[in-house]
Amino acid sequence: MATTSFLSPTQRYGAGALFALALHQAQMHQTRPLGMLDPDGEDDGPGEERPSSGSSSDSVSEDPDLWVHENSGLLLPVFRFLDIDKVAWLGLEETAGSSPAKHHVGAFLRLLAEDTSVNSSESSDQQLALSKAIDSLTLSMETNPASSKSKKEKHQEYENECREKLSTNEAKVNSEATVTMPETSSTSNIESPSPDLTCAFEEEPVEEVKMLSYERKLAVLYELLTACLADIRDNDKKSARRRKGYDARHRVALRLLATWLDINWVKMEAIEMMVACSAMAVAKEKEKEEESQSPKSSWAKWKRGGIIGAAALTGGALLAITGGLAAPAIAAGLSALAPTLGTLIPVIGASGFAAVASAAGTVAGSVAVAASFGGTKMARRIGSVDEFEFKAIGENQNQGRLAVEILVSGFVFDEEDFVRPWEGQSDNLERYAIQWESKNLISVSTAIQDWLTSRIAMELMKQGAMMTVLSTLLTALAWPAALLAATDFIDSKWTIALDRSEKAGKLLAEVLRKGLHGNRPVTLIGFSLGARVIFKCLEVLAETEHTAEFVERVVLLGAPISIQDENWKAARKMVAGRFVNAYSTNDWTLGFAFRASMFSKGLAGIQPADFPGIENVNVTELIEGHSSYLWATHDILDRLELDTYYPTFRIPPPRNSENSSSKKSP
């Protein structure tokens, strides 16, 4: 590495140390997000305490559950790739895991600012070439105004169609009544979301970061990403349990480090795309070389690339691969590149990277089939699930990226409702919607919607005046016999839908376990029963996995998930970064459908889930009824600003304000 790196040995030491600090901070924030206040009103600040791992030891070496411990396989391969002296490894681990980060960040930034290399002029030229390529690629990734306008118009058209089709009593009652939340043990200590939940680091940047040039910052992030992906391991060590690929915990640590360096995340995405394109190009050349030496059958190639063409699932059923699912070229390419990935820039040079940047869109498109799992279906009937299929979102312009987003609708009236709510979102992830159990979901959604338009439902809602969903519905005072008869019909469908959502969650967990997503960080977002699919996926992962290597971020919207009955702590441990529970206190539909257990045990879609590390966001002002999630999810995700490391939610204006007074919906 020393002969090909942009950085001097001292700078590489500083980069590795900062990455270790960021990795440990990310684990700490799993259970104590920044912006949460202590009882004394003080912000936790970075690095105030160790993550809870069950160990009473103050030594990192004696706490194997820590991400900076050698057992995780996350940190030492990075040190090895950066060619940091082994003598320093233990000290860097202990510093990262035992001391507040704010005591060390400044010192390590000063090391990065030093120019001690004898070839500093050549290194500066290389860093300049890299930064120009990244800037060029960033520009190509930006959505042009015309395209952005077109997407907004299409989404508005979808919203209008939904409003016209789904106008119900729920919205009418909500517009006439004030909804309040009863204070319970699970809600009394929840802070209202602020427009900007950030820590002191973001509000007061570390002074030393100003000492670093823009080019140096990008070079540091590039080399660290390369180190994470190359994954050079000591073969004599059996303790590194991590799978090969791009670990979600690595991406979260890089996101925090980019924040410390004051680098916009889109620049990091450009670096990811550059590395992905380069890796896939190398993988393609390697495949051609192997074919010329020893031709293999199609099935042999799949196995060699790490794909599971027919994987045994629960009950002995088979996962059939159709169409777009093939061996992830990204993962295969990066594995082959190991020690050489860091030499790409010196070899390709500035002009070569300019060509890579300009052609990135077409390169990513041409290898998309090998990098994605679009078209994956479950064969026939698997575990009582009739349908479970991934559908690529949009025009696939983002395929071939180093991170994936899986989107799950759960309250639908037509098959297009599995995809259209997610279209037009501006991000740089490879995006897929899951179409699952459409027949059952459409049936239960329609039954609930029909009930909401009934005279009996209207009378009940007026009697309750929607003072609170929790108290009015669940006390079941004077429920008429006719109402109970109608709810029996809905309850049977709802029970089936709940059962299928749990089984779909198990299937999603299998997809991630088997690496069918290309072993890339995954963002999971779902509303209604789709949120339940995601939560069940996390619970299933927690049964066999001990780390958050698969899932980077999770957003649950209007989730029919019990607060007391489910294992939220285990689910949270499976998510490396932000875990958002978006709830609406006026969601009559959700309360009605889930009323059996909601009163005594709580419901995440209507109230906060008060667990460490859960980012509760009140979206009542954006949700007029449960069906609103079909179109309002787009706005909610924009307000969450998921690309930020810190918990954030831009609060909308009150619904009776000028901006929203004209909106009426179910």
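Note that the structure is a prediction, hence the values are computed from the model and not measured. (Residues numbered from 1 in each chain as written. Predicted model: local features only at pLDDT ≥ 70, side-chain atom pairs only at ≥ 80, totals over all residues. Heavy atoms only, no water.)

**Some details on unusual backbone geometry**
Heads up, the rule is: A run of H or I in DSSP counts as a helix once it spans at least four residues, and a run of E counts as a strand once it spans at least two, with each numbered from the N terminus. For the exposure calls, accessible area comes from a 1.4 Å probe over protein chains only, and a residue counts as buried if that area is under 20% of its type's maximum, exposed if over 50%, partly exposed in between.
Positive phi, close to 60°, is recorded for Asp83, a residue that is not glycine. Looking at the element boundaries, Asp83 is found in the loop between helix H2 (76-81) and helix H3 (89-98). A residue is classified by how much of its surface remains accessible, and Asp83, at 44% relative accessible area, is partly exposed. You will see that Asn519, though not glycine, has its phi angle at about 50°, which is positive. With respect to the helices and strands, the residue Asn519 is situated in the loop between helix H19 (481-513) and strand E6 (522-527). The exposure class of Asn519 is partly exposed, given its relative accessible area of 21%.

**Quick look at the sheet that holds strand E3 (residues 388-392)**
Across a sheet, strands are paired by hydrogen bonds formed along the backbone, either parallel or antiparallel in direction. Stated formally: By this definition, two strands are paired if DSSP reports at least two bridges between them. Note on geometry: axes are lines fitted to C-alpha atoms, helical ones only across the stretch in contact, with angles between N-to-C directions running from 0 to 180 degrees.
Pairing is mixed across the open sheet formed by 7 strands, whose spatial order is E3-E5-E4-E6-E7-E8-E9. Two strands close off the open sheet at either side, each with one partner strand: E3 and strand E9 (615-618). The mean angle between the axes of side-by-side strands here comes to 20°, regardless of whether they run parallel or antiparallel. When strand E8 (residues 579-583) meets E9, the two strands line up parallel, connected through 4 bridges. Each residue of the ladder has a partner; that of Tyr583, found in E9, is Asn618.

**Looking at the packing of helix H1 (residues 9-31) against H3**
Short version of the rule: Crossing handedness is defined as follows: a turn of the near helix away from the far one that is anticlockwise and smaller than a right angle gives a left-handed crossing, while the clockwise case is right-handed. Here, residues are in contact when the closest pair of their heavy atoms is within 4.5 Å. Each residue is assigned to one of three groups, with Ala, Val, Leu, Ile, Met, Phe, Trp, Tyr, Cys and Pro labelled nonpolar, Asp, Glu, Lys and Arg labelled charged, and all others, Gly among them, labelled polar.
Axis separation between H1 and H3 bottoms out at 8 Å; the angle between their running directions is 35°. As for how H1 packs across H3, the hand of that crossing is right-handed. Of the residues in H3, those in contact with Tyr13, Ala17, Ala20, Leu21 and His24 of H1 are Leu92, Thr95, Ala96 and Gly97. Grouping the amino acids of the contact of H1 with H3 by side-chain chemistry returns 6 nonpolar, 3 polar and no charged.

**Remarks on the packing of H1 against helix H9 (residues 214-230)**
Our working definition: Should an angle fall under 35 degrees it is called roughly parallel, over 145 degrees roughly antiparallel, and 65 to 115 degrees roughly perpendicular, with every other angle called oblique.
Following both chains from N to C, one finds H1 and H9 inclined at 70°, their axes separated by 11 Å at the closest point. Taken together, H1 and H9 sit at an angle that is classed as roughly perpendicular. Both H1 and H9 take part in a crossing whose hand is right-handed. Residues Gln11, Arg12, Ala15 and Phe19 of H1 form the contact with H9, whose participating residues are Arg216, Val220, Glu223, Leu224 and Cys228. Per-class residue counts for the contact of H1 with H9 are 5 nonpolar, 1 polar and 3 charged.

**A short note on empty space enclosed by the protein**
Over the atoms, a rolled probe matching the size of one water molecule traces out where space is still vacant. The test is simple: Cavity means a closed set of points on a 1 Å grid over the protein atoms alone, one where a 1.4 Å probe fits but cannot get out, pocket means an open set with protein on both sides within 12 Å along at least 5 of 7 lines, and lining means a residue has an atom within 4 Å of a point. Grid points are joined across faces, edges and corners, and a volume is the space filled by probe spheres set on the points. Throughout, the edges of the domains are those of an automatic or database domain assignment.
Per the stated rule, a full pass over the model turns up 6 cavities of 30 Å³ or more. Each pocket or cavity is described by its volume, and for the largest cavity that value is around 190 Å³. Around the largest cavity, the lining is made up of 20 residues, and of these His29, Arg572, Gly577, Arg578 and Tyr645 lie nearest the centre. Partitioning the lining of the largest cavity into residue classes produces 9 nonpolar, 5 polar and 6 charged. Two domains each donate at least three residues to the lining of the largest cavity, and these are domain 1 (9-35 + 62-141 + 206-233 + 242-277) and domain 2 (373-640). For the second largest cavity, the calculated volume is near 70 Å³. Considering the residues around the second largest cavity, the lining is formed by 12 residues, among which Tyr246, Asp247, Asn519, Glu549 and Phe550 are closest to the centre. Across the lining of the second largest cavity, the residue classes break down as 3 nonpolar, 3 polar and 6 charged. Residue assignment places the lining of the second largest cavity across two domains, with domain 1 (9-35 + 62-141 + 206-233 + 242-277) and domain 2 (373-640) each supplying three or more.

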